[in-house]
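Summary of the model geometry
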Amino acid sequence: MAAERPTQKHFVGIALRLGSASAFGLMAAMIKLAYFHRVSPIEVAFFRNAFALPLVLLWIAWSRNPLAWRTERPLAHVWRAGVGLTTMLLSFTALDYLPLAEATTIGFAAPLFAVILSALVLKEKVGRHRWSAVVAGFVGVLLVMRPHGAQLPPIGLGIALLAAFGSSVVIITIRQIGRTEGTQTIVLWFTLLSALGCATAMPWAGHAHDGRIWLILLAVGTCGGLGQILMTASLRFAPVSTVVPFDYVQLLWAVLLGWLIFATGTAPTTWTGAAIIVASGLYTVHREHKLGRERADAAPIS
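Cut-off values and rules
Residues numbered from 1 in each chain as written. Predicted model: local features only at pLDDT ≥ 70, side-chain atom pairs only at ≥ 80, totals over all residues. Heavy atoms only, no water. Helix = DSSP H or I, 4+ residues; strand = E, 2+ residues; numbered from the N terminus. Rg over C-alpha atoms; globule rule 2.2 N^0.38 Å. Buried < 20%, exposed > 50% of the residue type's maximum accessible area, 1.4 Å probe, protein only. Contact = heavy atoms within 4.5 Å. Salt bridge = Lys/Arg side-chain N within 4 Å of Asp/Glu carboxyl O. Disulfide = S-S within 2.5 Å. Patch = residues over 30% accessible without salt bridge, like charges linked within 9 Å, V, L, I, M, F, W, Y side chains within 5 Å. Areas by Shrake-Rupley, 256 points an atom, 1.4 Å probe, with all protein chains shown as cover. Axes fitted to C-alpha atoms, helices over the stretch in contact; angles between N-to-C directions. Parallel < 35°, antiparallel > 145°, perpendicular 65-115°, else oblique. Left-handed = near helix turned anticlockwise from the far one by under 90°. Nonpolar A, V, L, I, M, F, W, Y, C, P; charged D, E, K, R; others polar.

A look at the overall build of the chain
The helix and strand tally for the chain stands at 13 helices and zero strands. What you see in the chain, going N to C, is helices and strands ordered as α-α-α-α-α-α-α-α-α-α-α-α-α. Compactness check: the chain gives a C-alpha radius of gyration of 18 Å against a globular reference of 19 Å for 302 residues, within 12% of the reference. Evaluated residue by residue, the chain yields a buried proportion of 53% over its 302 residues. A sequence separation of at least 24 residues applies to 91% of the contacts in the chain between residues at least 6 apart.

Quick look at the pattern of salt bridges
If you walk through the whole model with that rule in mind, you get one salt bridge. The shortest N-O distance in the salt bridge between Arg-17 and Asp-247 comes to 2.7 Å. Taken together, the residues Arg-17 in helix H1 (residues 10-36) and Asp-247 in the loop between helix H11 (240-243) and helix H12 (249-262) connect sequence positions 230 residues apart. Overall, the relative accessible area of 15% leaves Asp-247 in the buried class.

What to know about the state of the cysteines
In this structure the tally under the stated criterion is zero disulfides. Cys-223 supplies the cysteine sulfur nearest to Cys-198, a cysteine that is in no disulfide, at a spacing of 18 Å.

Some details on a nonpolar patch on the surface
A surface patch of nonpolar side chains, amounting to about 500 Å² of accessible area, comprises Trp-253, Leu-256, Trp-259, Leu-260 and Ile-261. Along the chain, Ile-261 falls in helix H12.

Considering the environment of Val-44
The residue Val-44 is located in helix H2 (residues 41-62) in this model. Classification of Val-44 by relative accessible area gives buried; the value is 0%. Ignoring anything within four residues of it in the chain, the contact list for Val-44 reads Ile-31, Ala-34, Tyr-35, Val-39, Phe-92, Leu-217 and Val-220.

Some points on the side chain of Ser-40
Residue position: Ser-40 is located in the loop between H1 and H2. Ser-40 gets classed as buried once you look at its relative accessible area, which sits at 18%. For Ser-40, the residues in contact, after removing those within four places along its chain, are Tyr-35 and Ala-205.

Description of the packing of helix H4 (residues 100-107) against H12
In contact at an axis separation of 8 Å, H4 and H12 are set at 160° when each is read in the N-to-C sense. Classed by the angle they form, the pair H4 and H12 counts as roughly antiparallel. You can see that H4 and H12 cross each other, and the crossing is right-handed. Counted together, Leu-100, Ala-101, Thr-104 and Thr-105 of H4 and Gln-250, Leu-251, Ala-254, Val-255, Leu-257, Gly-258 and Phe-262 of H12 form the full contact between these two elements. Among the residues forming the contact of H4 with H12, the class breakdown is seven nonpolar, four polar and no charged.

Below, the structure is given as structure tokens:
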């Protein structure tokens, strides 16, 4: 039986969420570094899941939930894995075309798409406040897509937007599956099925690597798995509205690591667009909390 929900400890939840954002920020930097060494997106996605799987299994063992693998909705997990893996490949590919800061910022548009899909698919009532936040958020996205003094490749921008939309589909899918399936079950089957899906292409996409590249790929998988676990654990100690704002720390890591590792600066319009996207995202979370609709949606595909 899974461990009971512990007493709410907001500072613990915030610390775990900060750790999660930092892990995902480092993972994105390692993915971009892997591309510099000509590692294919399929390889990156495979090792992201393969190296994360042991951490997921240890997490389940530690929480004493030996039945996490059991599900009554296997096809739903196959659909979630298919959508999630496609989105993962898109988001990873966007990192190959765009600077870390811009790719990360556009990725945070996913909750805006999710609001639209929640109205269309889940038939949730979306009032003028959240629609206004969505419109403002997309204005921020447009600012990021045309940074001052730099022309970003259209294909990279298009892939990043598709990845953000895919993430919103994942959010809606998790909302639906989460009505009957536990979080650990969802994470376990996604990680396992994604690794198996990528493994089918590895005979063509896989290549021999030296020790340095293996360390990079190990860091990708470890940071991805650790980030997912810390993010989920944060929700055991604090509500969504308390911890989600700290996800945006990943933007700061993207700027810092982009500068330190890749010597890329950040345009003023990117900062402005990011501020608008963050503000619209936080306002959406506030409205969800006020309306009593908090959900543990943020189970990342990256």
